[in-house]
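For reference, the chains in residue letters:
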Amino acid sequence: MTGETDAAPPDAHHVGAAADLDAGDHLLVEIEGIEIAVYHTENGYFAVSNYCVHQGGPLCEGPVTGSVSTDENGELRYDDENQVVRCPWHGWEFDIESGEHLSRGQYSQPTYDVLVADGELYVRW
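A short tour of the structure in this document, coming up. (Residues numbered from 1 in each chain as written. Predicted model: local features only at pLDDT ≥ 70, side-chain atom pairs only at ≥ 80, totals over all residues. Heavy atoms only, no water.)

Before going further, it helps to spend a moment on the pattern of salt bridges. The full count for this structure, using the stated rule, is two salt bridges. A salt bridge links R124 to D11; the nearest nitrogen and oxygen atoms lie 3.0 Å apart. Taken as a pair, R124 in strand β10 (residues 120-124) and D11 in the loop between β1 (2-5) and β2 (12-17) lie far apart in primary sequence, 113 residues in all. By relative accessible area, R124 is classed as partly exposed at 30%. With a closest N to O distance of 3.5 Å, E93 and R86 form a salt bridge. Residue classification places E93 among the partly exposed residues on the basis of a relative accessible area of 24%. Judged by its relative accessible area of 30%, R86 is partly exposed. (Salt bridge = Lys/Arg side-chain N within 4 Å of Asp/Glu carboxyl O. Helix = DSSP H or I, 4+ residues; strand = E, 2+ residues; numbered from the N terminus. Buried < 20%, exposed > 50% of the residue type's maximum accessible area, 1.4 Å probe, protein only.)

Here we take up the pairing of strand β5 (residues 44-49). Most of β5 sits inside the fold, with six of its six residues counted as buried. Relative to β5, strand β4 (residues 34-41) runs antiparallel, the two being bridged by six bridges. Across the sheet, residue H40 finds its bridge partner in β5, namely Y45. Between β4 and β5, which pair antiparallel in sequence order, lie two residues. Examined bridge by bridge, β5 and strand β9 (residues 111-117) share two bridges and lie antiparallel to one another. Bridge pairing links V48 to T111 in β9. (Pairing = 2+ DSSP bridges.)

Take it as geometry only, folks, not as evidence of what the structure does.
Below you can see the structure in the form of structure tokens.
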């Protein structure tokens, strides 16, 4: 989730300049020993734990794609508005914005708020 603020929040960690992260890109940061991937999508900035909840794979090394869903007629369609990241180890897919697993509701990746202040990105831990 992205939030705009006027000043650097005291309870968040600086991770880089917003201008350095183009839409469609991500960066990997470490905060207090935890690797976090910060993604820039068309919907804003989102942060997800880099360790896949399945077996600890490096989630951000996997591809970011849209998802497949069904339309009102039950036909499959490709949806590129909802971005998902797929773990390179076993193919588990998670929504970048919510951290939710696409087909197994009991699993989700930890997510973190991303704030933008004066053109800088901060992750609230």
